[in-house]
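# Fold and contact review
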Amino acid sequence: MRDERDDPFDNIFDEIERMMNEMTGSDSTGFASETHVDVYDEGETIRLVADLPGVEKDGIDLKCDGEMLTISAASDRREFDERIRLPVRVDEHSADASFNNGVLQVTFAKAEDSAPIDVE
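Reading guide: rules and limits
- Residues numbered from 1 in each chain as written.
- Predicted model: local features only at pLDDT ≥ 70, side-chain atom pairs only at ≥ 80, totals over all residues.
- Heavy atoms only, no water.
- UniProt positions renumbered as here; feature names shortened; annotations may be inferred.
- Pairing = 2+ DSSP bridges.
- Helix = DSSP H or I, 4+ residues; strand = E, 2+ residues; numbered from the N terminus.
- Axes fitted to C-alpha atoms, helices over the stretch in contact; angles between N-to-C directions.
- Salt bridge = Lys/Arg side-chain N within 4 Å of Asp/Glu carboxyl O.
- Buried < 20%, exposed > 50% of the residue type's maximum accessible area, 1.4 Å probe, protein only.

An unreviewed UniProt entry lists the chain under the name HSP20 family protein, with Halopelagius longus as the source organism. Looking at the Sequence similarities (unreviewed entry) heading of the UniProt record, one finds this comment for the chain: "Belongs to the small heat shock protein (HSP20) family."

Written out as structure tokens, the structure reads:
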């Protein structure tokens, strides 16, 4: 007789999904399985592209502190809240965002390098 508790293939897909949720910080309320976010360094600018299926423009809220972009979005069925660490510091006041057919694009100008301080 076989003990089902020791079967390594029992509910393997549930275990894989649990591990993926741990790695991405997702839970069942997010769009994790439907959302894809890419960040591009385009020289003087940083461009972020996010797929937000089923979301209306009015359901999107963006916040940036210069190092992290927070995307909060809601539809009738789901809520999405993700924080994306940007590859470099950006000027958050330079943000330009557009949303078309479920695709969000946000661009930022890179922040100026810190000024050197002479020690006398």
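Here the narrative resumes.
### Comments concerning the sheet that holds strand S6 (residues 90-100)
Within the open sheet, the four strands sit side by side as S1-S2-S7-S6. Their pairing is antiparallel. What marks the edges here is a single partner per strand, and that holds for strand S1 (37-41) and S6. Sheet twist, expressed as the average angle between the axes of neighbouring strands with direction ignored, equals 15 degrees. Direction of pairing for strand S2 (residues 45-51) relative to strand S7 (residues 103-110): antiparallel, over a ladder of seven bridges. By the bridge assignment for S7, Ile46 is matched with Phe108.

### Notes on the pattern of salt bridges
Counting across every chain of the model gives five salt bridges. We note a salt bridge from Arg47 to Glu42, for which the minimum N-O separation is 2.8 Å. Owing to a relative accessible area of 22%, Arg47 belongs among the partly exposed residues under this scheme. Here Asp81 makes a salt bridge to Arg83, at a shortest N to O gap of 3.9 Å. In this structure Asp81 comes out as partly exposed when scored by relative accessible area, which is 47%.

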